[in-house]
Amino acid sequence: MNLTKENTISDTRFGTITYEPDDILTFPQGLVGFPEEKQFLLVSTKQASSFRWLQSLKHPELAFLVANPAEFVSGYSPVSEAKIGDVLLTTVNIPPGRPKEMTLNLAGPICIDLVSRTGKQIVLDNEAYTTRYRVFATASSESGDVAA
Amino acid sequence: MLVLTRKLHQSIVIGDGIEVVVLEVRGEQVRIGIKAPKNVAVHRKEIYEQIQEENRSASEVRPEDIPG
């Protein structure tokens, strides 16, 4: 028996998830369009993957695909008030069956303070940031077949 | 919806800390200035709706489509 108090959430898209109270991330304002979702877990389904899921604690069936934008975009540091140790994530959109059309939402980054374990989604009302940043080259510019 | 008519440089006060002022009217475009406390988020509605749509899409990604 271990003495750590563990909780579980069942019927998620990834089965039953066991977590500790300290794993919970609190979003006081929820996410844009999802104001009632105030508690999440950050879930990895594969080791060493660039992608994770922001799993709602309130609705087991609800999880948002997120990634660290620094792995895909250089020079993206949109949040001036971010502190060292904050984690910046963006949501990821992949049309069904078309992974090469994956996009990141650079206009709505999610900033998580790992010390207080609170997060918020920031709305960047600035034309410099697109909601659909294309990660992979489009078909026409791929023909050169040069590895990055 | 409350509807008010304002002239150039006239403003509307909302609650204690929010002021909305008409800065410029040019043809079909209106420039609006907003003074609000830092904790009040102010965005153009279409940006907010686009981010909401991206959030919804991110919740509908199929795990088998994720690269790697």
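Residues numbered from 1 in each chain as written. Chains lettered and ligands numbered in written order. Predicted model: local features only at pLDDT ≥ 70, side-chain atom pairs only at ≥ 80, totals over all residues.

Trainee: Quick one: what's the story with the overall build of chain A, residue by residue and with numbers?
Mentor: Within chain A, the regular secondary structure consists of 0 helices and 11 strands. Ordering the α and β elements of chain A from the N terminus gives β-β-β-β-β-β-β-β-β-β-β. Relative to its 148 residues, chain A shows a buried fraction of 28%. (Helix = DSSP H or I, 4+ residues; strand = E, 2+ residues; numbered from the N terminus. Buried ≥ 20, exposed ≤ 12 C-beta atoms within 10 Å, placed from the backbone.)

Trainee: An account of the pairing of strand E2 (residues 15-19) of chain A is requested, with residue identities and associated values reported.
Mentor: Residue and element names in this part refer to chain A. Burial of E2 is sparse: only 0 of the 5 residues sit out of reach of the surface. Both strand E1 (residues 7-12) and E2 contribute to a ladder of 4 bridges, which runs antiparallel. Residue pairing for E2: Asn7 is matched across the bridge by Tyr19. Connecting E1 to the next strand, E2, in antiparallel fashion are 2 residues. (Pairing = 2+ DSSP bridges.)

Trainee: Could you give an account of the nonpolar core, with specific residues and numbers?
Mentor: Core analysis: the largest hydrophobic core is formed by 29 residues, its most contacted members being Phe64, Leu65, Val66 and Val92 of chain A. Secondary structure elements with two or more residues in this core: strand E4 (39-43), strand E5 (51-56), strand E6 (63-67), strand E7 (86-93) and strand E9 (110-113) of chain A together with helix H1 (45-58) of chain B. At 5 residues, E6 of chain A tops the list of elements feeding residues into this core. If sequence neighbours within four positions are ignored, Phe64 of chain A has contacts with Trp53, Leu54 and Thr91 of chain A together with Asn55, Ala58 and Ser59 of chain B. (Core = buried A, V, L, I, M, F, W, Y, C linked by C-beta atoms within 7 Å. Contact = placed C-beta atoms within 7 Å.)

Trainee: Could you give an account of the pairing of E7 of chain A, with specific residues and numbers?
Mentor: Residue and element names in this part refer to chain A. Pairing of E6 with E7, which is carried by 2 bridges, proceeds in the antiparallel orientation. Within E7, the position partnered with Val66 by the bridge is Thr91. Sheet topology places E7 next to E9; 4 bridges connect them, and they run antiparallel. In the strand pairing of E9, Asp86 is matched with Asp113. Strand direction decides the pairing type here: E7 and strand E8 (residues 103-104), joined by 2 bridges, are antiparallel. Residue pairing for E8: Asn93 is matched across the bridge by Thr103.

Trainee: Go over the sheet that holds strand E3 (residues 29-35) of chain B with me, naming the residues and quoting the values.
Mentor: Residues and elements named next belong to chain B. Strand order in the open sheet formed by 3 strands is E1-E2-E3, with antiparallel pairing between adjacent strands. Taken across any chain shown, the strands that pair with only one partner, and hence form the sheet edges, are strand E1 (11-14) and E3. Averaged over all pairs of adjacent strands, the angle between their axes in this sheet comes to 25°, without regard to strand direction. (Axes fitted to C-alpha atoms, helices over the stretch in contact; angles between N-to-C directions.)

Trainee: Give me unusual backbone geometry: which residues, what numbers.
Mentor: All names here are of chain A. Here Asp11, not a glycine, exhibits a phi torsion of approximately 65°, which is positive. Within the element layout of this structure, Asp11 appears in strand E1. Positioned with a positive phi, Arg117 is a non-glycine residue whose angle comes to about 55°. Of note, Arg117 is situated in the loop between E9 and strand E10 (118-121).

Trainee: Please set out the interface of chain B and chain A residue by residue, giving values where relevant.
Mentor: As a measure of interface size, the accessible area lost when the parts come together is often cited. If you look at the interface, chain B gives 21 residues, while chain A gives 25 residues. Of the residues assigned to the side of chain B that touches chain A, the class counts are 9 nonpolar, 7 polar and 5 charged. (Nonpolar A, V, L, I, M, F, W, Y, C, P; charged D, E, K, R; others polar.)

Trainee: Kindly report on the environment of Arg52 of chain A, identifying the contributing residues and their values.
Mentor: Residues and elements named next belong to chain A. By the element assignment, Arg52 lies in strand E5. It is 18 Å that separates the C-alpha atoms of Arg52 and Lys100, two residues lying 48 residues apart in sequence. Residues within four places of Arg52 in sequence aside, it is in contact with Leu42, Val43, Ser44 and Val66.

Trainee: Could you give me a rundown of the confidence of the model for chain A, with the residues and numbers involved?
Mentor: Mean pLDDT for chain A: 88, with 89% of residues reaching 70 or above. Within the model, the stretch residues 141-148 of chain A combines pLDDT values under 50 with 1 contact to residues more than four positions away or in other chains. (pLDDT = per-residue confidence, 0-100.)

Trainee: Describe the confidence of the model for chain B, listing the residues and the values that go with them.
Mentor: The pLDDT averaged across chain B works out to 95; a share of 100% of its residues lies at or above 70. What the predictor reports for the complex is a pTM of 0.84 with an ipTM of 0.87.

Trainee: Kindly report on the environment of Lys38 of chain A, identifying the contributing residues and their values.
Mentor: Residue and element names in this part refer to chain A. Take Lys38: it is sitting in the loop between strand E3 (25-26) and E4. A count of 19 C-beta atoms within 10 Å places Lys38 in the partly exposed class. In this structure, the C-alpha to C-alpha distance between Lys38 and Ala63, residues 25 residues apart in sequence, is 13 Å. Each residue touching Lys38, except ones within four places of it in the same chain, is listed here: Thr26, Phe27, Pro28 and Gly30.

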